[in-house]
Amino acid sequence: MFILRFLARRLGQGAIIIFLVSALIFTLLRVVPGDPVRLMVGGMAPDTLVEEIAAEMGLRDPIYVQFGRYMGKVLQGDLGESFVRPASGAAVGGASFDDATRGERAKVLDLIAETAPMTLQLAVLAMVFALMVGVPIGVWGGLYPGRLPDRLALYTSSLFVSLPNFWLGIVLALLLSVKLNLLPAIGYRGFSYTILPALVLAVEIAPFIIRTLTVSVAGVMGQTFIDIARVRGLSRNQIVFRHALKNSAVPLLNLLGVQFSMLLGGVLVIEFIFDYPGLGLLTINAVMQRDFPLIQGIAIVTAAVFVLINIAVDLLATAIDPRLDY
Amino acid sequence: MALDMGAAPETLLSVRGLSVAAGDRPILTDISFDLAPRSILSVIGATGSGKTVLARALASWLSPPLRVTGGRILFRGRDLVADPAHARSLAGREIAYVGGNPAGALDPTMTVGAQLVEKLRAVRPDMSADDARKKAIRLLEAVHIPSAQRRFHEYPFQYSGGMMQRAMIVDALISDPALLIADNITQPLDVTVAAQILKLMRELNAQFSTAILFICSSLPVACDASDEVMVLHEGRVVERQTPAALVARPGHAYTRELIAELPTLWQGGENGASRATDRERRAIMSVRGLAKAYEVRARGQAGISRVQAVRNVDFDVFPGDNFGVVGESGCGKSSLMRLLTGLERPDAGSVFFEGENVGAASPKRLRELRRRFQLVLQDPYGCLPPQSPIGAILEEPLKIHRIGNAAERRDRARAVMAEVGLDDSLYRSLPTGLSAGQRQRLNVARAMILEPRLLIMDETLSALDQTEQGKLLDLFDKLQAQHGFTYIFISHDLTMVRRVCSRIAVMYLGETVEVAPNERLFFDPGHPYSRALLSAAPTLEERRYRPEDCLLEGEPPSPIDLPPGCAFASRCPHAFDRCRTENPALRARGGHALAACFLNPEPDIGLHETVTETPHV
């Protein structure tokens, strides 16, 4: 009962958020300079042709009319077709303005469905790496505030946070794949291609996990119920693993929610460097090619993922700490 | 005193020459005493006398910089100081500890029952989970937790303070310990609940034959609770006697002083009744039919519940009055304070300050009105900005109301500091180093810098110890004489109210159930709840009202679903049918006293006059 009401309310709010995001993206795309039709037909095409195609595609209608038409389709699960990408592969555009293949342009939904699992795989692996490093260091630091483990946690996270990801990506690629030939770096032809970018991302995320955990574990360890647990006769292990960790999990969970959303939203730089065929790379190309439908589709899907992850995080947090009532 | 005889065979705990220091500063010096099985020994002393350190030392729970510097703690003949491993194995099993802060004592993310079982199985791994659960439920019933079976599965935050303290007593007793160290367990509780807990502790002592070391800071409570009282003064045991002997023939100067300083409820002494109230003048604050409900969404429940924090509040405060509002936690005192000061708007009723309705005033007008009534809060720590110098804190109200220039404001601040007894050298320092008493002086100074007519004191003194309270009350008197302030004291402390207030309103679950002059309330209360409060008040005097006659078991009903009729009916020994269906209104009992109880004779005058306490009643 509680759960159903919660879900109904939060999904309703989510729908509003997604609608607003779509409206904003849609409007901004049409306001900023750069005519997609010009890019599609190529620089040599006559202006009259540009206008003709634009009118045919409905791009000269008022923005709210275009938006209404677009949202109507989105509600039916149709995110539209890419302006430039054909279903077959190679980019449409340039001189081929008058060719007949326009009907075979790729569906935005298909493009996203192809790349999203890649990004999901990268995000999950990066998260696993980051947790493997961050949780032990963070908890250890939180158990001994002000002492060596705490300082170690601080130094590690300072070091990690100050490594620029593009630099680290290039260095790791040089070391691990070029010199040592341990891992593949560029493109994607199997699971092992995910490891290197995931490592770079993990180094980026781990400091947040470490800092959040040291602070929250240290805070929980200072609370009365932990202090008094020893007098009540509980062992140190029971105190730390059953009580302290559970209570410090909520801030970490919130952080993971945000970080995971950001990873799924596409890791632009990393995917670009490693030429990793995920949402990030798709986004970069879509932006460069003024591929309006694709950009809008990615924005809507990402916003939906944000909303869903937030709901999941809040539900989990309520399960951990029943005092929280969303 | 038999302090230095060797440990007799039946001695459970025997402390010999125990000294504890914090770094180089001695906290406890040469403590020696014995505790026989099944006996209750109270330890009493002022703040800083080392009571809690003693409790922690006995529970082997000293954390740096505290450490034992000498002596022995013999438990059944084995020294706990020399053998920390043995001491640890006793913790929670043979030596149990209950602290004074039940609110934070259990993990908020696990049910109370699960934690009781966890604790029991941690100290008795051979016990099955099912047996442990049964035992926990049995004990929860033994400490009178209603519907223990269901409560077992609830979380700590769903327990009230009194229930949580009972649960912590269960937690301590569940492993059948030989010694229970009870450190200030009644301090955070309301008097009526504290009285119930003390009674319970006595029963459990008889039932489970546990020896109890009962540490507390209130002499009446200590005397009430125990077979013998040990007095701790500046880290030393200064005497140990039975309660009756201690009160009759205190042996040490500190004990004599403690007994002499003890405020009294009924036996003469200084009290607020003598204060002349100018009832001929217009009331400075006049409250009529005040009501406020807060909306909360209850967990796992559809819709919104309304917490009726304040329901029917009526009273008048006259210029020069010391008006007291008493009641236990949750009775709506703080909500009332928020309404009186215009921090919130009432749902119904009105608050007139000098003839102007505070509840309906515009925000701008309210700010102007606030120059003339000011508020001093309970928590001396939370209500001062830690990063502002004391001078700036005092000048801020003047700045807000655009009074004077910088130099004038500084002079004014210094003058007020001198008046409340804060040293001039503190002007530039931060409030961080101030004691609780100094902080409350600063709070009073900040409130009076605007030269208000009315000061509302919301539990202003309850964070202070007896001596410091006395000093501040003297200060209030002095300020009143100089500036003609009128005070409203909102408090749960009957002895304080008895000492300073001329007229007192008693609140129960959001209602004023009685409004009476000081003397009348304490000698001829018109409401059974007032009698229950008086019966539970900690005092050494011969009680006029016995707790057994005045209060039924149980806690106040929830303000979310109030029963129809009188809210006190569920705990009132005199309740009859009419009380359960109809809510009595305040009616005059003559002599400016009003009470809301059907047991008082119907007055002859009309209803209107009975609820409106006009100055000429």
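Residues numbered from 1 in each chain as written. Chains lettered and ligands numbered in written order. Predicted model: local features only at pLDDT ≥ 70, side-chain atom pairs only at ≥ 80, totals over all residues.

Asks: How would you summarise the overall build of chain A if you had to cite specific residues and measurements?
Replies: Per the secondary structure count, chain A includes 13 helices and 2 strands. Based on the C-alpha atoms only, the size of chain A along its principal axes is roughly 85 × 60 × 30 Å. By the burial criterion, 36% of the 326 residues in chain A qualify as buried. Sequence-distant contacts, at least 24 apart, represent 71% of the contacts inside chain A between residues at least 6 apart. (Helix = DSSP H or I, 4+ residues; strand = E, 2+ residues; numbered from the N terminus. Buried ≥ 20, exposed ≤ 12 C-beta atoms within 10 Å, placed from the backbone. Contact = placed C-beta atoms within 7 Å.)

Asks: Pulling in residues and values, what's your account of the overall build of chain B?
Replies: From N to C terminus, chain B includes 22 helices and 22 strands. Computed over the C-alpha atoms, the radius of gyration of chain B is 26 Å, within 12% of the 25 Å expected from 2.2 N^0.38 for a compact globule of 617 residues. Projecting the C-alpha coordinates of chain B onto the three principal axes gives extents of approximately 75 × 65 × 50 Å. Buried positions account for 47% of the 617 residues belonging to chain B. Here the contacts in chain B between residues at least 6 apart in sequence split such that 67% fall between residues at least 24 apart. (Rg over C-alpha atoms; globule rule 2.2 N^0.38 Å.)

Asks: Explain the environment of Phe260(A) residue by residue, including any values.
Replies: Residue and element names in this part refer to chain A. One can find Phe260 in helix 10 (residues 236-264). Here the alpha-carbon distance between Phe260 and Leu120, two residues 140 residues apart in the chain, equals 9.4 Å. If near-sequence neighbours (up to four positions away) are discounted, Phe260 is found in contact with Ala123, Met127 and Ile309.

Asks: Tell me about the domain arrangement of chain A, and please be specific about residues and values.
Replies: Interface size is commonly expressed as the accessible surface area that is lost when the partners come together. All names here are of chain A. As assigned here, chain A comprises domain 1 (2-107) and domain 2 (111-320). Using C-alpha coordinates to define each centre, domain 1 is positioned 32 Å away from domain 2. Of all the elements, helix 1 (residues 2-31) adds the most residues to the side of domain 1 that touches domain 2, at 9 residues. Of the residues belonging to the side of domain 1 that touches domain 2, the class tally is 13 nonpolar, 5 polar and 4 charged. (Domains from an automatic or database assignment. Nonpolar A, V, L, I, M, F, W, Y, C, P; charged D, E, K, R; others polar.)

Asks: Describe in detail the packing of helix 5 (residues 108-143) of chain A against helix 8 (residues 192-221) of chain A, supporting the description with residues and values.
Replies: All names here are of chain A. Relative to each other, helix 5 and helix 8 sit at 35°, their axes nearing to 6 Å. Judged by the twist between their axes, the crossing of helix 5 over helix 8 is right-handed. Tallied by class, the residues present in the contact of helix 5 with helix 8 amount to 24 nonpolar, 8 polar and no charged. (Axes fitted to C-alpha atoms, helices over the stretch in contact; angles between N-to-C directions. Left-handed = near helix turned anticlockwise from the far one by under 90°.)

Asks: Quick one: what's the story with the nonpolar core, residue by residue and with numbers?
Replies: The biggest cluster of nonpolar side chains holds 246 residues, and the ones touching the most others in it are Ala126(A), Ile181(B), Leu213(B), Phe214(B), Ala445(B), Ile456(B) and Ile488(B). By residue number, the principal contributor to this core is helix 8 of chain A, which donates 16 residues. Contact partners of Ile488(B), with chain neighbours within four places excluded, come to Val317(B), Phe323(B), Val325(B), Leu454(B), Ile456(B) and Met457(B). (Core = buried A, V, L, I, M, F, W, Y, C linked by C-beta atoms within 7 Å.)

Asks: Explain the domain arrangement of chain B to me, using residue names and the numbers behind them.
Replies: What the domain assignment reports for chain B is domain 1 (1-94 + 217-262), domain 2 (272-297 + 304-372 + 450-611) and domain 3 (383-449). Taking only C-alpha atoms, the centre of domain 1 of chain B and the centre of domain 3 of chain B are 41 Å apart.

Asks: Before we move on, can you summarise the UniProt feature "transmembrane region" (unreviewed entry) in chain A with the specific residues and values?
Replies: All names here are of chain A. Annotation from UniProt places "transmembrane region" (unreviewed entry) at residues 12-32, 118-140, 152-178, 190-210, 252-274 and 294-317. When the span residues 118-140 is considered, its composition is 100% helix and 0% strand, and the gap between its end C-alpha atoms is 33 Å. With 100% helix and 0% strand, residues 294-317 has end C-alpha atoms that lie 34 Å from one another. (UniProt positions renumbered as here; feature names shortened; annotations may be inferred.)

Asks: An account of the interface of chain A and chain B is requested, with residue identities and associated values reported.
Replies: At the junction of the two partners, chain A supplies 21 residues and chain B supplies 23 residues. Secondary structure elements with two or more residues in the side of chain A that touches chain B: helix 9 (224-232) and helix 10 of chain A. When residues in the side of chain A that touches chain B are grouped by element, the largest group, 6 residues, is from helix 9 of chain A. Per-class residue counts for the side of chain A that touches chain B are 8 nonpolar, 7 polar and 6 charged.

Asks: Mind laying out helix 12 (residues 279-288) of chain A, listing which residues take part and the relevant values?
Replies: Residues and elements named next belong to chain A. Where helix 12 is concerned, the buried positions are Leu279, Gly280, Leu281, Leu282, Thr283 and Ala286. Tucked into the core, helix 12 has its buried residues touching helix 5, helix 11 (268-273) and helix 13 (292-320). At the exit of helix 12 stands Arg290, carrying a positive phi of roughly 50°.

Asks: I'd love a proper account of unusual backbone geometry, names of residues and values included.
Replies: All names here are of chain B. Geometrically, the link from Pro64 to Pro65 is a cis peptide bond, its omega value of 5° lying close to zero. By the secondary structure assignment, Pro65 is in the loop between helix 1 (51-58) and strand 4 (66-75). The phi angle at Asp30 is positive, at roughly 55°, despite the residue not being glycine. Assignment of secondary structure puts Asp30 in strand 2 (residues 25-35). Of note in this structure, Arg402 is not a glycine but carries a positive phi near 50°. Turning to its location among the elements, Arg402 is positioned in the loop between helix 13 (390-400) and helix 14 (406-420).

Asks: Before we move on, can you summarise the sheet that holds strand 2 of chain B with the specific residues and values?
Replies: Residue and element names in this part refer to chain B. Overall, antiparallel pairing links the 4 strands, which are arranged 2-1-4-5 in an open sheet. Single-partner strands in this sheet number two, and they are strand 2 and strand 5 (78-79). Looking at chain direction, strand 1 (residues 13-22) and strand 4 are connected through 8 bridges and run antiparallel. Of the residues in strand 4, the one forming a bridge with Ala21 is Arg67. (Pairing = 2+ DSSP bridges.)

Asks: Describe the pairing of strand 11 (residues 285-296) of chain B, with residues and values.
Replies: Residue and element names in this part refer to chain B. With 9 bridges joining them, strand 11 and strand 12 (residues 305-317) adopt antiparallel strand pairing. Paired with Met285 across the bridge in strand 12 is Val317. Alignment of strand 11 against strand 14 (residues 348-353), held across 5 bridges, turns out to be antiparallel. Residue pairing in the sheet places Met285 in a bridge with Phe353 of strand 14.

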